[in-house]
Amino acid sequence: MSPVPFADRPLGSTLVLFDVDETLTPTRQPAGTEILAVLKALREKAVIGFVGGSDLPKITEQLAVHGQNMYDNFDYCFAENGLVAYKWGEALEAQAFIRFLGEEKYKKLVKFLLHYLADVEVPVRRGTFVEFRTGMINVSPVGGNATPKERLNFEAYDKVHKVRETLIEALKNEFPDWGLTYSIGGPASFDIYPVGWDKTFALRHVEKENFVDIHFFGDRTYPGGNDFQLFHHPRTIGHTVTSPEDTIGQLKALFDL
Ligand SMILES: [Mg+2]
């Protein structure tokens, strides 16, 4: 089914963007049927998209659920902060972290991380401590394969022991002039990517559409959170949410759904 052109929608000059984890879905979990229904109703009025930090396969597991096709439900799909981008199911130009950094620097960075992580105390260790993605690398002291419960346990542990904060400081000292930035987006990991390749990167893909209003809903909108930059960007109207249920309530109120 081909999408309704933006100009034919009542709020066709309004773009509404969403973070994924804890905004549309519980962290790394599938979306519920209610939020999908609300998004469908919203899309009949306005233009919608998500801007997730995860890679596209993970987000697909979360949003292509209940028999839904993700590309039919969102006008824009932005994975890895918009480094991987789709409009109406068609890929837009992608960017790569490895091209930015180069193989030699990348190797130094991963060596440093693996040495550091080998020595740090954490409650459990699972697999995939450094995950290589298109636009960033994702670092998890417990490992990306940890279960949701193990991740939440680590988050509580990390509040006390500051494992991630301390490691990020060490990285800043070790590689002060590499143009990298560090962002804590989930309970048990953080992302490393070039300065400016945060979620505001997604805006580059919609510039020429000249939307009048761009709304952005996210949960980690505080300094250091992965929604912070897009939430505060002059181009967006930011909304902080606490859960998918909160997103549903705010959308219904704001867009009269
Ligand atoms: Mg989130």
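Quick caveat: nothing in here was measured; it's all calculated off a predicted structure. (Residues numbered from 1 in each chain as written. Predicted model: local features only at pLDDT ≥ 70, side-chain atom pairs only at ≥ 80, totals over all residues. Heavy atoms only, no water.)

Visitor: Any chance you could explain the nonpolar core here in plain terms?
Guide: The tendency in soluble globular proteins is for nonpolar side chains to be buried as a group. Formed by 28 residues in total, the largest nonpolar core has its most connected members in F18, F50 and F74. Taken together, the elements giving at least two residues each to this core come down to β1 (11-18), α1 (33-43), β2 (46-51), α2 (56-63), β3 (76-79), β4 (84-87) and α9 (244-255). Top contributing element to this core by residue count: α1, with 5 residues. Not counting the four nearest positions on each side in its chain, F50 is found in contact with F18, V20, L24, I59, L63, M70, F74, Y76, C77, F78 and A79. Ranked by size, the runner-up nonpolar core spans 26 residues in total, among them V120, L167, W178 and A188. (Core = buried A, V, L, I, M, F, W, Y, C linked by side-chain atoms within 4.5 Å. Buried < 20%, exposed > 50% of the residue type's maximum accessible area, 1.4 Å probe, protein only. Helix = DSSP H or I, 4+ residues; strand = E, 2+ residues; numbered from the N terminus. Contact = heavy atoms within 4.5 Å.)

Visitor: Quick question: what am I supposed to make of the pairing of β4 here?
Guide: For a regular strand, side-chain orientation follows a simple rule: the groups alternate between the two sheet faces. For β3 and β4, the ladder comprises 4 bridges, and the chain directions are antiparallel. In the sheet register, A79 faces β4, and the bridge partner there is V84. Linking two consecutive strands that pair antiparallel, namely β3 and β4, is a turn of 4 residues; a positive phi of about 50 degrees is found at E80 within it. Connecting β4 to the antiparallel partner strand β5 (residues 90-91) that follows it, the hairpin turn spans 2 residues, and W88 within it adopts a positive phi of roughly 50 degrees. (Pairing = 2+ DSSP bridges.)

Visitor: I tried to follow the pattern of salt bridges on my own but got confused; where do I start?
Guide: Oppositely charged side chains can pair when the atoms bearing their charge come close. Tallied over the entire structure, the rule returns 17 salt bridges. R9 serves as the salt-bridge partner of D75, at 2.8 Å between the closest nitrogen and oxygen. Pair noted here: D75 is in the loop between α3 (70-73) and β3 and R9 is in the segment before β1, with a separation of 66 residues, a long-range link. Like D75, the residue R9 is buried in the burial classification. Of the charged contacts in the structure, one is a salt bridge between K162 and E165, with a shortest N-O distance of 4.0 Å. By relative accessible area, K162 is classed as partly exposed at 36%. (Salt bridge = Lys/Arg side-chain N within 4 Å of Asp/Glu carboxyl O.)

Visitor: Would you mind showing me how to read helix α7 (residues 163-174) here?
Guide: Spacing of three or four residues puts side chains on the same side of an α-helix, whose turn is 3.6 residues. Taking 1.5 Å per residue as the helical rise, α7 with its 12 residues ought to reach 16 Å, and the 17 Å between its terminal C-alpha atoms agrees with that figure. Taken together, the buried positions of α7 are occupied by V163, R164, L167, I168 and L171. Here the buried residues of α7 occupy an arc of 125 degrees about the axis, which is enough to place them on one side. (Expected span 1.5 Å × (residues − 1). Arc of directions from axis to C-beta.)

Visitor: Explain the UniProt feature "binding site: alpha-D-mannose 1-phosphate" (unreviewed entry) in the protein to me, please; I cannot follow it from the model alone.
Guide: Within the UniProt annotation, "binding site: alpha-D-mannose 1-phosphate" (unreviewed entry) is assigned to R28, R133, R151, S189 and D191. Discounting chain neighbours no more than four positions away, the residues touching S189 are N138, V139, S140, R164 and I184. At 3.1 Å, the side chain of S189 forms a polar contact with the side chain of N138. Along the chain, D191 turns up in strand β9 (residues 190-194). Once residues lying within four places of it in the same chain are set aside, the contact partners of D191 are R133, M136, I137, N138, T181, Y182 and S183. Separated by 2.8 Å, the side chains of D191 and N138 make a polar contact. (UniProt positions renumbered as here; feature names shortened; annotations may be inferred. Polar contact = N/O pair within 3.5 Å; in protein donor to acceptor, adjacent residues only side chain to side chain.)

Visitor: It is not clear to me how the coordination of the magnesium ion should be interpreted in this structure. Could you clarify?
Guide: Around the magnesium ion, the protein contributes the donor atoms D19 (OD), D21 (O) and D219 (OD), at 2.2 Å from the metal centre. If you list the donors of the magnesium ion from N- to C-terminus, the spacing comes out as D-x1-D-x197-D. Remark: D219 occurs in the loop between β10 (213-218) and α8 (228-232) and D19 occurs in the loop between β1 and α1; sequence separation between them is 200 residues. There is no split in this pair, since D19 and D219 are both buried. (Donors = N, O, S within 2.8 Å, 3.2 Å for Na, K, Ca; no water.)

Visitor: What should I look at first to understand the domain arrangement of the protein in this one?
Guide: One frequent convention defines the size of an interface as the accessible area lost when the parts assemble. Here the protein is described as being made up of domain 1 (6-94 + 198-255) and domain 2 (97-194). Inter-centroid distance (C-alpha atoms) of domain 1 to domain 2 is 25 Å. Opposite the 17 residues of domain 1 that make contact, domain 2 presents 16 residues. Taking both sides of the interface into account, the surface hidden between domain 1 and domain 2 amounts to around 1300 Å²; carbon and sulfur atoms contribute 39%. The salt bridge involving K58 is made with E131; its shortest N-O contact spans 3.1 Å. Across the contact surface, domain 1 and domain 2 share 4 residue pairs in polar contact (both at pLDDT 80 or more). (Domains from an automatic or database assignment. Buried area = accessible area lost by both parts, 1.4 Å probe.)

Visitor: Just checking my understanding: could you explain the UniProt feature "active site" (unreviewed entry) in the protein for this structure?
Guide: Residues annotated in UniProt with the feature "active site" (unreviewed entry) correspond here to D19 and D21. Mapped onto the secondary structure, D21 falls in the loop between β1 and α1. With sequence-adjacent residues up to four places away left out, D21 is seen in contact with P26, T27, R28, S54, Q62 and D219. Looking at D21, its side chain comes within polar contact range of the main-chain nitrogen of R28, at 3.0 Å.

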